[in-house]
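Architecture and fold: a report
As a plain string of letters, each chain reads:
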Amino acid sequence: MGNLSTPNLRFPDFNGEWIKIFLGEIAKFSKGKGISKEDISETGETECIRYGELYTTYNETIDTVSSKTNIDTSHLVFSEANDVIIPASGETEIDIAKASCILKSGIALGGDLNIIKTPNNGVFLSYYLNSKKKIDIAKLAQGISVVHLYAGQLSKLQLKIPSLLEQQKIASFFTAIDHKISQLKRKKNLLEQYKKGVMQKIFTQQISFKDDNGQEFPKWEKKKLGDVGKTYNGLTGKSKDDFGQGKPYIQYKQIFDDTRIDITRFDFVRIGDGEKQSRVRTGDVFFTTSSETPDEVGTSSVLLDEVSEVYLNSFCFGYRSSPEVLIPKFSRYLFRNELLRKEINKLSQGSTRYNLSKNELMKTVIELPSIHEQTKIANFLSSIDDKINNTRKQIEKAEVWKKGLMQQMFV
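Residues numbered from 1 in each chain as written. Predicted model: local features only at pLDDT ≥ 70, side-chain atom pairs only at ≥ 80, totals over all residues. Heavy atoms only, no water.

With that settled, the discussion passes to the sheet that holds strand 2 (residues 28–31). The strands that make up a sheet are held in pairs by hydrogen bonds between backbone atoms, and each pair lies either parallel or antiparallel. The strand order across the open sheet built from 5 strands is 2-10-6-8-4, with neighbouring strands paired in mixed fashion. Each edge of the open sheet is held by one strand with a lone partner, namely strand 2 and strand 4 (61–62). Lying over the sheet, helix 4 (residues 122–130) contacts strand 4, strand 6 (84–87), strand 8 (100–102) and strand 10 (113–117), oriented at roughly 30° with respect to strand 6. (Pairing = 2+ DSSP bridges. Helix = DSSP H or I, 4+ residues; strand = E, 2+ residues; numbered from the N terminus. Contact = heavy atoms within 4.5 Å. Axes fitted to C-alpha atoms, helices over the stretch in contact; angles between N-to-C directions.)

What follows is the structure, given as structure tokens:
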């Protein structure tokens, strides 16, 4: 058909140009059949995929299915290995451009799924559609509040594809990358589960630490938070014109996102002369005071890095403890352990929006080990966090590498 081309990056075994063709020339299209959320059952006998799961659960290949149903099989549409599925509807144009290749036959496919059957390599096609063709697919979608993608539109999508042998080589290459990413994600998940279990045992004192001489540490002491430290308020009464310039400040989301404040994410706000009381110090703990969900109220984070002049924003308050009684590195884990979180959640009040009184929080009784044991516990948990963060960085690096390769290896 003319207008042939080659990718920027290619395996050395292959040469020649990729051919330009329409998707409709190499594929046949059909639709899945309705499977509602209520039809999903843990004891279901038939594996199934609903269109929403393409956004939340699956990537370019599907070899393990997470949902099952007990719908009469005569009312279902089933996959064949190598089928490529794309949502037929979604909230935005770019979201709907999400392709996955099913590697198993006999999977029930729900409604609002476009099914693409092709003699070409379905795995190659999924990676291709999710990279070079993502924007082109998004442009085909129609609608306002809900966008739709029809088979007639997909059939007109222009592609440039290589030989079947090169398709297989590319598909295997990216499948191997995704396998490595999946292994890293599994490692990260296992580390997070391990940390959660260990923290529960530490703060219920099922696990105890010993000093450097192998001796038991002193018994943990009960104290009210108000006896250990003092609170201060975040900034209030700021207009949108105050933000974007001035002094760095800690945002609500920074507190919610991690147990440790990320100082690379500071935004800026203008500070008045009477607002110095909202200035933070290294070692301070910050609590969220308001949320639409009661479980999120009282989420905490600690500032462990040295800073000069930084302030705390609204919908939060700061807590400054005596370092002779409670060290910041231990605070990072103390206020995020499940037992204390449950006690703090009980203090949230409201109906549509929930709030936390810092005065009530300061009445909460906590159990504190000695400073030396706090240090031991904090160092132990920090070492697990370091492993989790290192694994997360490996995942991010691999995903960026994969994305770059997809841009280079497809036309």
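Additional details are given in the paragraphs that follow.
Glancing now at the pairing of strand 13 (residues 158–161). Of the two faces of strand 13, only the one carrying L159 and I161 is buried; Q158 and K160 on the other face are not. Alignment of strand 1 (residues 19–22) against strand 13, held across 4 bridges, turns out to be antiparallel. Opposite I21, over in strand 13, you have L159 as the bridge partner. (Buried < 20%, exposed > 50% of the residue type's maximum accessible area, 1.4 Å probe, protein only.)

Our next topic: the sheet that holds strand 15 (residues 229–233). With antiparallel pairing, the 4 strands of this open sheet are ordered in space as 15-22-18-20. Here the strands that pair on one side only, and so sit at the sheet edges, are strand 15 and strand 20 (300–302). Taking each pair of neighbouring strands and ignoring which way they run, the sheet shows an average axis angle of 25°. Direction of pairing for strand 18 (residues 285–288) relative to strand 20: antiparallel, over a ladder of 3 bridges.

Across the interface, helix 4 lies against helix 7 (residues 164–203) with an axial gap of 8 Å and an inter-helix angle of 70°. Regarding the angle of helix 4 to helix 7, the classification is roughly perpendicular. In this structure, the crossing between helix 4 and helix 7 has a hand that is left-handed. Residues V123, F124 and Y127 of helix 4 pack against Q167, I170, A171, F174, T175 and D178 of helix 7. (Parallel < 35°, antiparallel > 145°, perpendicular 65-115°, else oblique. Left-handed = near helix turned anticlockwise from the far one by under 90°.)

This paragraph deals with the pairing of strand 16 (residues 243–250). Where strand 16 meets strand 17 (residues 267–269), 4 bridges bridge the pair, whose relative direction is antiparallel. Bridge pairing in strand 17 places P248 opposite F268. The sheet contact formed by strand 16 and strand 21 (residues 311–312) spans 2 bridges and is parallel. Note on strand 21: the bridge partner recorded for Y249 is Y311.

Quick look at the side chain of E309 now. In this fold, E309 is placed in the loop between strand 20 and strand 21. Only 3.3 Å separates the side chain of E309 from the side chain of K276, close enough to count as a polar contact. Ignoring sequence-local partners within four residues, the contact set of E309 consists of K247, P248, K276 and R279. (Polar contact = N/O pair within 3.5 Å; in protein donor to acceptor, adjacent residues only side chain to side chain.)

Purely spatial values, then, with no claim about function.
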